[in-house]
Structure formats: C-alpha cells, structure tokens
Amino acid sequence: MAYIWYGAFFFNLILALVIVFFQRRDPKTVWAWLLVLYFLPLVGFVLYLFFGRNFYCERKFKNKVIEDMRVVEAGKQDEKIILNDFTVSDKVNEDYVNLVRLNLRTGSCFYTENNAVDIFTDGNSKFDALIEAIEKAEKFVLLQYYIIREDIVFERICRCLKKKAATGVKVYVLADGVGSRKIPGRRWKELEATGVRVNLFFPAIAKKIDLRVNYRNHRKIVVIDGAVGFMGGFNIGKEYLGIDKKYGYWRDTHLKIEGDAVMELMLKFVQDWNYAAETERESLGYKDFVMQKRSREIVEKNGKAQDGVGIQIISSGPDIKNEQIRDNFLYMIYHSRKNIYIQSPYFIPDEAVFCALKMAAQRDVEVKVMIPCKPDHPFVYWATLSFVGDLLRCGAKCYVYQSGFLHAKSIMVDGIVSSVGTANMDVRSFKLNFEVNAMIYDADVTKELEQIFLKDIGKSRELTLYDYRQRGFGVRVKEQVSRLLSPLL
C-alpha cells in the first residue's frame, strides 16, 4: 500500500512541476489543479488526463493555424478592404464601429450588410426549415455538428442528404469525434456509400472513451449552395425536439442567415474540414464553393436587401491566439448604457467578463441573466449559481428558466447589438473549444431577440438576493467547491 502512495506522490510531483513551470496557464487554473492533485492524489491524476492536458495543444493545432492563414488569404472578398480605409454604413452605432475594425484586425472577420436573419427557438421549426433548405440544394450541402445522435432526427436528415447526393449535389458531413462518438461506424459507411463525404474532427482513440475532452469542435454550421446558412445552439438529436423525458422542452436559439455572411460560415467549415482531413487529397478549397452573386440574389428576392442586417462571423478556439468571442462580449458589456440580457446554460465567466458585468450593474445598467432550472452537468450548475449570487449582490437580476431546459447562448445590449452562436459564457468556450458566433449589428434583430428574452422571463422564476441567501449549508458547500474548480470546468 505504501508503494501506491509513494507512486501517487511521485506522479503528482511531476504533474505539479509540469503545470507550474512548463505550461503557460492562468494562475487561477494552476492553483485549481494543484489543489485537485493535493487532495485527490490518484483521482486527480486521472482527472488531469481527461481535462487538464494542453501540452500538446500548440503542436496539435500548428498545422491548422497555417491552413487557416492560407484559406483566409484565399477567401478575401475584396482587396480594397484595407483596415485604415474601411468604413461601414451609418446604420452601425458609432460605439461599435471600432468593434467591427477590431474583429477585422484580430480575426480577419469581414463585415457584411447584405444579410437577412430568421430566428428559431424551437427544434421542430428549426429542423423543418433545415430540411426544406437542404431539399432545395442545387450545388452543395456542408453540414457540421458537435453532437449527432443515432435517432429519428438524424434518420430524417440522412434520407434527405442521400437523396440530394443521388442527384449530384455534393454533400459533406463533419462531426466532432467525441460529441458524436455514439454514431455507429456502419452509419457513416452507409452515407459514404451513397456519395456523402464524412469526416470526424479530432476523433476518439477509443470508440466510447477518450481522454481528449478538451479541444472539441462545438460549432454547429450548415451551408447550402453558399446562399443559406444555419448556426446556433441546436445539435442533432431527439432531445432538441423536446421529446426527451430527462430534459423536457428544449429552449434554444438558432439562426438562419441568407446573404454574404454565409460565405464566412463556409470559410469556418472549410477550415475545420481541412484540419480533420487525413490527406491533402481529402481537403477542400474555399474558392470552389464561392457563390457570392447567388447569395445576393436570394436576399433581394426576399425583399430584405434595402434593410440588410450587419453581421460579422467571429470564432474562438485553441488554434486562435486571441479569445475573440470573449473580447467581443467584453466590448459589448463595457459599452452598454441601458441594458444587458444574457442567456447561457453555463455561466462561468472569466475574471475580466465577470468584473465587467459587476461594474455594469453597479453603474445602473440593467443586467439580466437567464440560466436553466436543471443541471446537465452538476458541478457547472453549482458554479453557475455561485457567480450569479455575486452578481445579485451588485444589483443584477437572475431568472431561472422553468419551462424545460435552456440551452440558448445569446447576449443583447441596448437594443443595438447582439451575439448569437455556440459559445457559452464560460472559460471552456472562450479558450478550449472551437466556437462560432454571429455578431449582429442591427437594432431590429437585436430587439426581436430581446422580446424573446422578455417572453422567456414569463416562463422563469426570478432568483432574488433574498432567495439566494436562504440556500442551505449543503448547497453552499457545493457552490464553494465548484467555484474553486471553475477554472477547470
């Protein structure tokens, strides 16, 4: 028995040295891991293997960074877009023109105005619209999801994809290797046999178990003929239809975009596909899918060209030096004047975002945060309550959604600007996972999102500061432990 403890001590010592001296981490994350290793010598080592390793991150994604640079250069829409000369129309609030330029400078995120946006909050209507759009495909379908379940929803989509492939439409399916690990290999082979090309992003070493929990591709992107795009929170599975007894009704937010911003979604898909491709022959070329003229025609046909929506597609991930989505959230919060509405299933902001929110509440900005009533990850849920409690003390308001599970990921500010996508308000989305959001510079769309938020309040229970202070000792312990581990969640 003594040898086991000596061995555990040795491994913990080595890990501690690696974490402190050989990895550039946030100091809070370092201390959190040291606490785990100290109090849980054997279990902590296993947890680190699953959640803590990042010593191979720079090496693993080095090729993807190079690929991204090549594709971004190939995807420049107009050589005349030079940062010093770039201007946007007066429909963008003056407070956010510099945010447009910041995203151009730090992420080559092109700003487009010739867009139309439809918002989906229900899985049934979202999948109906998706199937309808795929059925109209003439050239290609690019489909990418973090989670794909082997159930009635994917079966319906598969039938549609196989039908389009049989007519000569090029169909590509990209799934995260861990999030979609339960899909049997025969399903992928069945699709490939009909002409559908399939790829797995960072696949699991073992089918059911994989140590690489970090660096998952959390993006949900569909692009059809370069003209129509879908992105947001819905994955593919029956729970997103609200028929899973565990979660009940599934409340999410998803966007259908028509216009030039679809080209930027397509760029993200090509980047991720080419990273997942095992050989150069399997990679895709961004220029092969450019159909910008068709994109404009569709928006004009819908009668929305003269009132187009300003959009930038932004992303974050371990392959990107800047925490772009986090930085956009920070900019929005610091420039808020009237109100900030946030919906997120996981609310574990880093120190910068958390301080910005507290300051906003203390300067009389109406800060409202909505979280789910039921946890799908207990530690995350208790950590969320801990952060919410601190915001309540600063004057913010919190609403606990009661009508099912809230999975929406959106932030709206002052009825002027909003962001919707795959990123949660947590460190994992800011740093560790591949995420994509749409920055929307449009009052009409932002106000529509705000109205949806206010309607959801009617289906929620307000968590007041008084209620929060009445929580029991057991809840306080869970919160404190989860708060200490929050840098790792």
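Small disclaimer: the values here were computed from a predicted structure and weren't measured. (Residues numbered from 1 in each chain as written. Predicted model: local features only at pLDDT ≥ 70, side-chain atom pairs only at ≥ 80, totals over all residues. Heavy atoms only, no water.)

Looking now at the pairing of strand β2 (residues 140–145). Taken across its six residues, β2 has six buried, putting it largely inside the fold. Side-chain alternation along β2 places Phe-140, Leu-142 and Gln-144 on one buried face and Val-141, Leu-143 and Tyr-145 on a second face that is also buried. Of the strand pairs in this sheet, β2 and strand β3 (residues 170–176) are connected by six bridges, and their pairing is parallel. Its bridge partner being in β3, Phe-140 is matched across the sheet by Lys-170. Each parallel crossover has a hand, and the one from β2 via helix α8 (residues 152–166) to β3 is right-handed. Both β2 and strand β5 (residues 221–224) contribute to a ladder of four bridges, which runs antiparallel. Bridging across to β5, Val-141 finds its partner in Ile-224. (Buried < 20%, exposed > 50% of the residue type's maximum accessible area, 1.4 Å probe, protein only. Helix = DSSP H or I, 4+ residues; strand = E, 2+ residues; numbered from the N terminus. Pairing = 2+ DSSP bridges. Right-handed = clockwise from strand over helix to strand, strands pointing away.)

Here we come to the nonpolar core. Core analysis: the biggest nonpolar cluster contains 54 residues, and Tyr-96, Ile-340, Phe-347, Leu-357, Val-367, Ile-411 and Tyr-441 have the highest contact counts within it. At nine residues, the largest contribution of residues to this core is made by helix α14 (residues 378–393). When residues no more than four places from it in sequence are discounted, the contact partners of Ile-340 are Ile-333, Leu-357, Ala-360, Val-365, Glu-366, Val-367, Lys-368, Ile-411, Met-412 and Val-413. (Core = buried A, V, L, I, M, F, W, Y, C linked by side-chain atoms within 4.5 Å. Contact = heavy atoms within 4.5 Å.)

Here we take up unusual backbone geometry. Positioned with a positive phi, Ser-108 is a non-glycine residue whose angle comes to about 50 degrees. Summarising the element assignment, Ser-108 is placed in the loop between α6 (97–107) and β1 (115–120). A positive phi is found at Phe-202, a non-glycine position, where the angle reads about 50 degrees. Mapped onto the fold, Phe-202 is located in the loop between β4 (197–201) and β5.

This brings us to the confidence of the model for the protein chain. In regions of low pLDDT, the predicted coordinates are not meant to be interpreted in detail. Chain-level pLDDT for the protein chain is 82 on average; 72% of the residues reach the 70-or-more range. In this model, residues 19–24 is a region of pLDDT below 50 whose contacts with residues beyond four sequence positions or in other chains number 12 contacts. Below pLDDT 50 for its whole length, residues 74–83 participates in 15 contacts with residues either more than four positions away or in separate chains. (pLDDT = per-residue confidence, 0-100.)

Read from one edge of the open sheet, eight strands run β9-β18-β16-β15-β10-β12-β13-β19, paired in mixed fashion. Edge strands, defined here as strands with exactly one partner in the open sheet, are β9 (310–316) and β19 (460–463). Between one strand axis and the next, the sheet turns by 20 degrees as a mean value, whatever way the strands run. As paired elements, strand β12 (residues 366–372) and strand β13 (residues 397–401) share five bridges and run parallel to each other. When the bridges of β13 are listed, Pro-372 appears paired with Tyr-401. In the packing of helix α10 (residues 261–276) onto the sheet, contacts are made with β9 and β18 (435–441), and the angle to β9 comes to roughly 15 degrees. (Axes fitted to C-alpha atoms, helices over the stretch in contact; angles between N-to-C directions.)

All right, on to the packing of α8 against helix α9 (residues 185–193) then. The geometry of α8 relative to α9 is characterised by a closest axis approach of 10 Å and an angle of 20 degrees between their N-to-C directions. Taken as axis vectors, α8 and α9 run roughly parallel relative to one another. For the element pair α8 and α9, the recorded crossing hand is right-handed. Note on element contacts: α9 touches α8 through Arg-187, Trp-188, Glu-190 and Leu-191, opposite Phe-154, Glu-155, Cys-158 and Lys-162. (Parallel < 35°, antiparallel > 145°, perpendicular 65-115°, else oblique. Left-handed = near helix turned anticlockwise from the far one by under 90°.)

The interhelical angle for the contact between helix α12 (residues 324–334) and helix α13 (residues 351–362), taken along N-to-C directions, is 15 degrees, at an axis separation of 9 Å. One way to sum up the angle between α12 and α13 is to call them roughly parallel. For α12 against α13, the interelement crossing comes out left-handed. In contact with Arg-326, Leu-330, Ile-333 and Tyr-334 of α12, α13 contributes Ala-352, Val-353, Ala-356, Leu-357, Met-359 and Ala-360. The residue makeup of the contact of α12 with α13, split by class, is nine nonpolar, no polar and one charged. (Nonpolar A, V, L, I, M, F, W, Y, C, P; charged D, E, K, R; others polar.)

Once the charged atoms of two side chains with opposite charge are near each other, the side chains can pair. Per the stated rule, a full pass over the model turns up 17 salt bridges. Of the charged contacts in the structure, one is a salt bridge between Lys-136 and Glu-132, with a shortest N-O distance of 3.4 Å. Glu-132 sits in the partly exposed class, given a relative accessible area of 43%. The salt bridge involving Asp-327 is made with Arg-326; its shortest N-O contact spans 2.9 Å. On the basis of relative accessible area, Asp-327 is assigned to the partly exposed category, the value being 25%. One network of salt bridges, with partners in common, ties together Glu-150, Glu-155, Arg-159, Lys-162, Arg-187 and Glu-190. (Salt bridge = Lys/Arg side-chain N within 4 Å of Asp/Glu carboxyl O.)

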